[in-house]
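Examining the three-dimensional arrangement
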Amino acid sequence: MRYAMAIDTKKCVGCSDCVVACQTENDVPIGYCRDWVVEVMDGTYPQLEIELRSERCNHCENSPCVRCCPTGASHYSEGGIVLVTKNECIGCSACITSCPYDARFVHPEGYVDKCTFCLHRVKKGMQPACVAVCPTKCMYFGDLDDPNSEVSKVLKKRKHKTLIPEAGTKPHLYFLI
């Protein structure tokens, strides 16, 4: 099993409902985010294109954050989800420095925090909070190894990209373009 998420950049309206849902579901402290919305503008006037992306931890197959963690607090869990065990984390920030996606932060309690794909919800057969609340249904989540999962189906049908592919991290966060 390999969990992944795909985000349709043609359907995302940048409303940030995913951000608020994550903060609420995971008790993320005010002023911090496990996910965020990015607006990328390309071209020159009057030929401008805007891409809206909901970004988060990419849950990479080849995660530099897991490799560099001196305590093993950053690790792979079920389905390749990258997690941080907070009581094992010493807050050294090596994982933050190694992440090419800037997807981690030091929680006010001293440990590193990040997106978990809401594994606690997934274990109960639910979608991650961000996916569940998206008003445009632009987010797809599931098992890449299951050809019938939503994420597998949409990745077969649509052109897509990952961020910073040259980093060699093999991210499991895809953007439909």
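Please read these numbers as outputs of a predicted model, since none were measured by experiment.

Turning next to a nonpolar patch on the surface. Taken together, the side chains of Met 41, Tyr 45, Leu 48 and Ile 50 define a hydrophobic patch exposed on the protein surface, amounting to about 480 Å² of accessible area. Along the chain, Met 41 falls in strand 2 (residues 35–44).

Positionally, Asp 8 belongs in strand 1 (residues 3–8). Linking Asp 8 and Cys 65, residues 57 residues apart in sequence, is a C-alpha distance of 26 Å. Not counting the four nearest positions on each side in its chain, Asp 8 is found in contact with Cys 138, Tyr 140, Arg 158 and Leu 176.

Now for the packing of aromatic side chains. Applying the stated criterion to the full structure yields three aromatic pairs. Both rings, one in Phe 117 and one in Phe 141, keep their centres 5.2 Å apart while their planes meet at 75 degrees; by these two values the pair is edge-to-face. Of this pair, Phe 117 sits in the loop between strand 7 (112–114) and helix 4 (119–122) while Phe 141 sits in strand 8 (residues 139–143); the two residues are 24 residues apart in sequence, bridging distant segments of the chain. A single burial state applies to Phe 117 and to Phe 141, both of which are buried. Among the aromatic residues, ring-to-ring pairing joins Tyr 3, Phe 117 and Phe 141 into one connected group. In this structure, Arg 53 is placed above the aromatic ring of Phe 175, and the distance from its NZ or CZ to the ring centre is 5.6 Å.

With mixed pairing, the four strands of this open sheet are ordered in space as 8-1-10-9. For this open sheet the edge positions go to strand 8 and strand 9 (160–161), each flanked by a neighbour on one side alone. Contacts from helix 6 (residues 150–157) reach strand 1, strand 8, strand 9 and strand 10 (173–176), with the element oriented near 115 degrees to strand 8.

Bringing the pairing of strand 10 into the picture now. The side-chain alternation of strand 10 yields two buried faces, one formed by Leu 173 and Phe 175 and the other by Tyr 174 and Leu 176. Bridge count between strand 1 and strand 10: four bridges; the pairing is parallel. In the strand pairing of strand 10, Ala 6 is matched with Tyr 174. Bridge analysis of strand 9 against strand 10 gives two bridges, and the strand direction is antiparallel.

Residues Met 5, Ile 7, Phe 117, Met 139 and Phe 141 are the most contacted members of the largest nonpolar core, which totals 27 residues. For this core, the elements supplying multiple residues, two or more each, are strand 1, helix 1 (17–25), helix 4, helix 5 (129–133), strand 8 and strand 10. Broken down by element, this core gets its largest block of residues, three residues, from strand 1. Setting aside anything within four residues of it in sequence, one finds Met 5 in contact with Arg 56, Phe 117, Pro 128, Cys 130, Val 131, Met 139, Tyr 140, Phe 141, Val 151, His 172, Leu 173 and Tyr 174.

Parameters and conventions
- Along each chain, numbering runs from 1 in the same order as the chain's sequence is written.
- With the structure being a predicted model, the display of local features is reserved for residues of pLDDT at least 70 and the display and counting of side-chain atom pairs for 80 or more, all residues being used for whole-chain, interface and lining totals.
- Water and hydrogen atoms play no part in the side-chain values, which are based on all heavy atoms of the structure.
- Each patch is built from residues lacking any salt bridge and having more than 30% relative accessible area; the joining distance is 9 Å for like charges and 5 Å for nonpolar side chains (Val, Leu, Ile, Met, Phe, Trp, Tyr).
- We get accessible surface area from the Shrake-Rupley algorithm with a probe of 1.4 Å; when it comes to residues, only the shown protein chains can shield them.
- In what follows, salt bridge is the name for a side-chain nitrogen of Lys or Arg lying within 4 Å of a carboxyl oxygen of Asp or Glu.
- Each helix is a run of H or I in the DSSP string that is no shorter than four residues. Each strand is a run of E no shorter than two, and both are numbered from the N terminus.
- We call two residues contacting when some pair of their heavy atoms lies within 4.5 Å.
- To pair, rings of Phe, Tyr and Trp, with the six-membered ring standing in for Trp, must have centres within 6.5 Å; the planes then decide the type, stacked if under 30 degrees apart, edge-to-face if over 60, and tilted in the middle.
- Per-residue accessibility, obtained with a 1.4 Å probe over protein chains only, is compared with the maximum for each type, and a residue is labelled buried under 20%, exposed over 50%, and partly exposed between these values.
- In this scheme, Lys NZ or Arg CZ marks a charge over a ring once it lies within 6 Å of the ring centre and within 35 degrees of the ring normal.
- Only when DSSP finds a minimum of two bridges between them are two strands counted as paired.
- Axes, fitted as lines to C-alpha atoms, cover a helix only where it is in contact. Angles between the N-to-C directions of the axes lie from 0 to 180 degrees.
- To define a nonpolar core, start from buried Ala, Val, Leu, Ile, Met, Phe, Trp, Tyr and Cys residues and group those joined through side-chain atoms within 4.5 Å.

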